Amino acid sequence: MWQVTGQDKILDLLGNSLKQDNTAHAYLLVGPPHTGKKTLAINLAQALNCDDPEPPCGQCHHCRRIAAGKHADVSYTAPGLNLSTKTEIGIDDIKDLQRMANLPPYEGKCKVFIIDEAEYLSTEAANCLLKILEEPPPKIVWILLTAEESRLLPTIISRCQRLELKPVPAEQIQKMLTDSHGIDSAKAKLLARLCHGCPGWALSALVDDNLLQQRSQNIDRLSSLLDASLEQRFAYAQELATLFSKDRRSAREIMDTWLTWWHDLMLIKGGYGEGTTNVDYEATLRKQAMELTLNQIKEFIVNLCQTAKAISQNVNARLALESLMLNLPAKSKISARALKG
Ligand SMILES: [Zn+2]
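Residues numbered from 1 in each chain as written. Predicted model: local features only at pLDDT ≥ 70, side-chain atom pairs only at ≥ 80, totals over all residues.

Caption draft 1: A look at the overall build of the protein chain. For the protein chain, the count of helices and strands is 16 helices and 5 strands. Relative to a compact globule of 341 residues, whose C-alpha radius of gyration would be 20 Å, the protein chain shows 22 Å and is just as compact. Dimensions of the protein chain, computed from the C-alpha atoms along their principal axes, are close to 70 × 45 × 30 Å. Counting across all 341 residues of the protein chain, residues that qualify as buried make up 38%. Long-range pairs, those at least 24 residues apart, make up 71% of the contacts in the protein chain with a sequence separation of at least 6. (Helix = DSSP H or I, 4+ residues; strand = E, 2+ residues; numbered from the N terminus. Rg over C-alpha atoms; globule rule 2.2 N^0.38 Å. Buried ≥ 20, exposed ≤ 12 C-beta atoms within 10 Å, placed from the backbone. Contact = placed C-beta atoms within 7 Å.)

This is how it looks when you write it as structure tokens:
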């Protein structure tokens, strides 16, 4: 059984391809972090090797070994797994996979190579992979996963069947949490809102308290910047820019938190407070919304989106974030404008 929530169109498409024995030799799964790309890739690897007439069954020898990461024909590669190439997937990683791809399947029907965060492929590695994808051997499926498609070579994208995972509606995630994981409805509602369409985040938060703690720390920090001096704001910009170079995923999560925070401020200011994401910070949100005008909030949201886009296109993160900090409404100007507006 497929374990992905809220991606019915993709599952129908893959189910039909499997029935007709017409699967692609390469897939590109595109979607924000935690939407279920890795779960889908593993389910697809299971389905391609499963013994059951309704694959993936999750119970057969192959499904169980693949889920446990022990199947000889399914390989998973991600940046940071190899100590020598901490921040990228290098040419040696792809050459290793190429050597494995030249051998026939060992215990299953089909070899599957999953490359997570494919945007981290080095230029050399991407070109090497491109050559492999141009002449695909039989009984091999490549599955590339990315949250930042714009950083991939267009020639690689064009060699893959592209499947885009959309954010999942909060109600569907809430139902999954209560029905399949036995979570009480209040907690399920909070997590379903906080995960912002990404069920994987909600599931991770169930087992890892650090996620919620980290989020609280991020919010405390970003919400305090409205009262901060320019010096403190620039120090924050530099800190976040450094994080972008060391741990891009965590830095992107912080940018997403910024966006949900300011989106909440806009909802409250516009009188739609019941739709906010950060329900556990309602008092702080209401206080800040009082101090800002709707225009200030809208302008800053536009700035945030432009900054996130610029950074994803490899603009100097520090410059982009410093500019964002300059555009963050300053307290001395806030109250007077809020009183007028
Ligand atoms: Zn199976």
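Caption draft 2: Highlighting the sheet that holds strand 5 (residues 161-164). Spatially, 2-3-4-1-5 is the arrangement adopted by the 5 strands of the open sheet, whose pairing is parallel. This sheet does not close on itself; its edge strands, each paired only once, are strand 2 (74-77) and strand 5. Adjacent strand axes in the sheet meet at a mean angle of 15 degrees, parallel and antiparallel pairs treated alike. Strand direction decides the pairing type here: strand 2 and strand 3 (residues 111-115), joined by 4 bridges, are parallel. Counted as the bridge partner of V74 is V112 from strand 3. (Pairing = 2+ DSSP bridges. Axes fitted to C-alpha atoms, helices over the stretch in contact; angles between N-to-C directions.)

Caption draft 3: Main features of the domain arrangement of the protein chain. Taken domain by domain, the protein chain consists of domain 1 (8-164), domain 2 (170-207) and domain 3 (208-340). Placing the centre of domain 1 and that of domain 2 at their C-alpha centroids yields a distance of 27 Å. In this assembly, 5 residues from domain 1 lie in contact with 5 residues from domain 2. (Domains from an automatic or database assignment.)

Caption draft 4: Broad picture of the environment of A126. As for its position among the elements, A126 is in helix 5 (residues 123-134). We classify A126 as buried; it has 20 C-beta atoms within 10 Å. For A126 and L153, which are 27 residues apart along the polypeptide, the C-alpha to C-alpha distance reads 7.3 Å. Sequence-distant contacts of A126, that is, excluding residues within four places in its chain, are made with L121, L153 and I156.

Caption draft 5: Expanded view of helix 8 (residues 185-194). When we look at burial in helix 8, the residues that qualify are A188, L190, L191, A192, R193 and L194. Looking at the residues trailing helix 8, positive phi occurs at H196, about 55 degrees.

Caption draft 6: Summary view of unusual backbone geometry. In the segment running from P55 into P56, the intervening peptide bond is cis, with an omega of -5 degrees. Examined against the element boundaries, P56 turns out to sit in the loop between helix 2 (37-49) and helix 3 (61-67). Within the chain, H196 stands out as a residue other than glycine whose phi angle is a positive 55 degrees. Along the chain, H196 turns up in the loop between helix 8 and helix 9 (199-207). According to the C-beta neighbour criterion, H196 is buried, with 21 such atoms within 10 Å. Even without a glycine there, the phi angle at N314 is positive, about 70 degrees. With respect to the helices and strands, the residue N314 is situated in the loop between helix 14 (294-312) and helix 15 (317-327). Among the residues examined, N314 registers 9 C-beta atoms within 10 Å and is labelled exposed.

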